[in-house]
2 protein chains.
Amino acid sequence: MDQVSVGLLGFGTVGSGVVHLLLQEQEQLGERAGCPIHLEKVLVRDKEKLRKIKLDDDRFTVDASDVLDNPNIDIVIEVMGGIEETRQHIHRALRNKKHVITANKDLMAVYGSELLEAASDNGCDLYYEASVAGGIPILRSLTDGLAADRIQKMMGIVNGTTNYILSKMNREPVTYEEVLKEAQALGFAEADPTSDVEGLDAARKMVILSHLAYSVPVNLEDVSIEGITEVAQKDILYSKKLGYAIKLIGIAELDNQMIDISVQPTLLPERHPLASVENEYNAVYVYGESVGETMFYGPGAGELPTAIAVVSDLISVVKNMYHGTCGDHIFLPRREKICKPDEAIKTQYFIRLHLKDEPGAFSKMTDLFKKQGVSLEKLIQEPLDDHQSAEVAIITHETNKKMFEETYHLLKDLDVIEDIKSYYRVEGMK
Amino acid sequence: MDQVSVGLLGFGTVGSGVVHLLLQEQEQLGERAGCPIHLEKVLVRDKEKLRKIKLDDDRFTVDASDVLDNPNIDIVIEVMGGIEETRQHIHRALRNKKHVITANKDLMAVYGSELLEAASDNGCDLYYEASVAGGIPILRSLTDGLAADRIQKMMGIVNGTTNYILSKMNREPVTYEEVLKEAQALGFAEADPTSDVEGLDAARKMVILSHLAYSVPVNLEDVSIEGITEVAQKDILYSKKLGYAIKLIGIAELDNQMIDISVQPTLLPERHPLASVENEYNAVYVYGESVGETMFYGPGAGELPTAIAVVSDLISVVKNMYHGTCGDHIFLPRREKICKPDEAIKTQYFIRLHLKDEPGAFSKMTDLFKKQGVSLEKLIQEPLDDHQSAEVAIITHETNKKMFEETYHLLKDLDVIEDIKSYYRVEGMK
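Small disclaimer: the values here were computed from a predicted structure and weren't measured.

Rules of the game
Residues numbered from 1 in each chain as written. Chains lettered and ligands numbered in written order. Predicted model: local features only at pLDDT ≥ 70, side-chain atom pairs only at ≥ 80, totals over all residues. Heavy atoms only, no water. Contact = heavy atoms within 4.5 Å. Buried area = accessible area lost by both parts, 1.4 Å probe. Salt bridge = Lys/Arg side-chain N within 4 Å of Asp/Glu carboxyl O. Polar contact = N/O pair within 3.5 Å; in protein donor to acceptor, adjacent residues only side chain to side chain. Helix = DSSP H or I, 4+ residues; strand = E, 2+ residues; numbered from the N terminus. Nonpolar A, V, L, I, M, F, W, Y, C, P; charged D, E, K, R; others polar. Pairing = 2+ DSSP bridges. UniProt positions renumbered as here; feature names shortened; annotations may be inferred. Least-squares fit on C-alpha atoms with pLDDT ≥ 70 in both. Domains from an automatic or database assignment. Buried < 20%, exposed > 50% of the residue type's maximum accessible area, 1.4 Å probe, protein only. Phe/Tyr/Trp six-rings, centres within 6.5 Å; stacked < 30°, edge-to-face > 60°.

So, on to the interface of chain B and chain A. Between chain B and chain A, the contact holds 44 residues from the first and 44 residues from the second. Between chain B and chain A lies a buried interface of about 4000 Å² when both sides are counted; carbon and sulfur atoms form 52% of it. For R150(B), the salt bridge goes to E25(A), with nearest N and O atoms at 2.6 Å. Seen at the junction of chain B and chain A, the total is 24 residue pairs in polar contact (both at pLDDT 80 or more). The set of elements that each furnish at least two residues to the side of chain B that touches chain A consists of α2 (26-33), α6 (138-145), β12 (292-299) and α12 (303-323) of chain B. Partitioning the side of chain B that touches chain A into residue classes produces 19 nonpolar, 12 polar and 13 charged. When strand β12 (residues 292-299) of chain A meets β12(B), the two strands line up antiparallel, connected through three bridges. Of the residues in β12(B), the one forming a bridge with M295(A) is Y297(B).

This is the structure in structure tokens:
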């Protein structure tokens, strides 16, 4: 091959990073890929917009077909985001036998299987390393590095915004709302942070990871999702006292052929490898039957880290083209999906509640736990300022989700309990 | 391909793990590799030895040629260890057009370039993921996942034995000798622990990592090596007081085309991602120009984790065979080796010394640092039990290796200094 030509869909943050690398590192990339890589066209919305990277005018186009139907283009890099229009673009590129690299987690979480199948049918590559945990090569580690193992569990800090907020709340006595505002001012949180703080973004990434690690056709609807908007400074305080850190954790397990995927604020023991992942960093903890504990840590977003993931994919695709092996590396689900019922989901819980300060209140509460078969591992009780009630924070022993939720509702109705402030999942050390 | 046949050299710990996976996971491995994998022959020293995994008698051989010259065998897995004989075996296998997978860091650190070249000449694969950090797919992450980046620095906890010893010394007031004995009893340290505790094992792994990340033909002689045998409980104590943890760290940097590779006890800030890597775990911290900080964490040794790395390599080789791309994935050094001179190696230092308790002693010492241009960032002074001298622990600001060693010798000769107990490299947060 004399040269490989690339078309870019989108020229935002990640797109700029990709162009920067393609121009700046031209020689090194050519060397590593085995042939020169040429940037042919860039689809933009507005050709006149001022950009920090300068390109000749004729490299820009506002017409998608200049990329998607361009016979000179071998590989399409999609960094425009969005779902429906982008999905059509990628289908069109694949029909035209162009290989595709995408950084689009929203798209891959929803239409991943469909697009991978289309790529496979067309003998094309479809790579998407950048869609999960930006600069961390986690997808490759699952498909190649740990190829021989059976992954049993993955836990991910896969959303930088929420990890930034919780890290800050952990270090300083600030509220969720205060940190969110600051994060927005610093550019660590979007103007509309909903999909981050409500856990949806993390859920999308867990879907992509589960698809690869468990070979199961997972949908977003299979994920039980809870965000961080209700996490109070007091939850963090009591967690610390009990030896835990609260993180927004995506958990995906395969157990006895059944999968369970969830995203929620979770208490991790302070010594857990994920507990010290701070600020906007991401990490994916993978437990394999044979390999045991591994963890992959790095920047989860950002112009250049994400661009590195995209361009590393590009090098792989160019090598596949050279070897004539495009389309052979696509993982399509091989297993049927069976979701774990709530009574089989075993975990510990943290619960924080206000208990009336009256004789017998404490034993009424503990009797209820006992009757439900939920035993308590750790407990802290502290008086509240009103002197009429006490705050109690509890870590239960392992129980199942169904039983715990039943207990929660019974506790809520118990006359000696004024209010249940919060409850969260608790993970142990493996 | 109907089937791929494998021959095994060696049936020790890792070999048993590999055979366990090949038999136990036959179906899954066949599915992932694309065709069934058959274990044809196993070279052992003693056919009669009792083993926990049972194989038919005729699978064993004591004659290496039954594996190396066996026309039925496509892939040779070398897990026998050793250097000279093994090197000849691998050359012979490659000449016979057999692909090779090895877990042998000693061999790859010394003869890696030679063997990779032989593999390339014969159009064969030579994979060695298991040689560095057992269950962590770090070699693949460097060559594929971060392919587009320029790696600037790697820091590795790549020896489990020494990390176990230092972790224990960090938690409990025990001496090096006490922990070593315990580690030997528990099987975490060899009967002859020299190559681990003197840093040689870690140095070999840093050579292999540097070769891949920097594309430079590095030798073991290029690595400055210092082990942990002199680390005292007091060093750990003062490090803690100053906010650091002592770890045996392999450091490999590429700066301005010059490389610098070393292994030594190193102080890391407690918040550094490597500082919380405990016990026998390994981790490799990689700093890339674009991607920034990443870290790969997992078990560094052990039967099954190492076997997973070997068998994941096996899956890759079988795929390459199927695609006809064997020998195409070999990384040979492309850059000339220029080693960094000592005056260009910039770092901070920790030094612990005994100072006479007499008027002017302290300022005599600090004057010497000042005259040398080495400024001090942190200092602790505490009286010693003899009441005639004080113990001083210092963290310097960044200086260069040559200047620091000169200062060390001048301090040693200073009349107010009774003794210099230790000095170590100190790394900051990036």
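Mapped onto the present numbering, the UniProt feature "domain: ACT" (unreviewed entry) falls at residues 350-425 of chain A. Each end of residues 350-425 of chain A is marked by a C-alpha atom, and these two atoms are 6 Å apart; helix forms 33% of the span and strand 45%.

Right, let's talk about the relation of the copies chain B and chain A for a bit. Note on the chain copies: they are related by a rotation about an axis and a translation along it. Placing chain B over chain A gives an RMSD of 0.0 Å and needs a rotation angle of 180 degrees, together with 0.0 Å of translation along the axis. These values place the two chain copies in the arrangement generated by a two-fold rotation axis. In terms of proximity to the rotation axis, the leading residue of chain B is F296(B), whose C-alpha is 2.4 Å off the axis.

Attention now moves to the domain arrangement of chain A. As a measure of interface size, the accessible area lost when the parts come together is often cited. Residue and element names in this part refer to chain A. What the domain assignment lists for chain A is domain 1 (4-134 + 303-323), domain 2 (138-299) and domain 3 (344-426). Each partner contributes residues to the interface: domain 2 has 21 residues there, and domain 3 has 17 residues. Carbon and sulfur atoms supply 56% of the area buried between domain 2 and domain 3, which totals about 1700 Å² over both sides. For the domain 2 face of the interface with domain 3, the top three residues by lost area are Y238, L242 and L267, together amounting to 37%. Run the count over domain 2 and domain 3 and you get four salt bridges. Between K241 and E382 there is a salt bridge, with its nearest N and O atoms 2.7 Å apart. Scanning the region where domain 2 abuts domain 3 turns up nine residue pairs in polar contact (both at pLDDT 80 or more). Considering each element in turn, the side of domain 2 that touches domain 3 owes the most residues, six residues, to strand β10 (residues 258-269).

A separate point is the pairing of strand β13 (residues 346-356) of chain B. Residues and elements named next belong to chain B. Counting buried positions over the 11 residues of β13 gives nine, a clear majority of the element. Of the strand pairs in this sheet, β13 and strand β16 (residues 399-400) are connected by two bridges, and their pairing is antiparallel. Counted as the bridge partner of K346 is N400 from β16. Of the strand pairs in this sheet, β13 and strand β17 (residues 417-426) are connected by eight bridges, and their pairing is antiparallel. Residue pairing across strands places R352 opposite S422, the latter belonging to β17. Summarising the sheet, β13 and strand β15 (residues 389-396) pair through seven bridges and their orientation is antiparallel. Its bridge partner being in β15, K356 is matched across the sheet by S389.

Bringing the packing of aromatic side chains into the picture now. Residue and element names in this part refer to chain B. Across all of its chains, the model carries 17 aromatic pairs over all chains by this definition. Geometrically, the ring pair formed by F11 and F60 is tilted, given 5.6 Å between the ring centres and 50 degrees between the ring planes. Remark: F60 occurs in strand β3 (residues 60-61) and F11 occurs in the loop between β1 (4-9) and α1 (13-24); sequence separation between them is 49 residues. You'll find F11 and F60 in the same group, each marked buried. Here Y408 and Y423 contribute two aromatic rings whose centre-to-centre distance is 4.7 Å and whose plane-to-plane angle is 45 degrees, an arrangement assigned as tilted.

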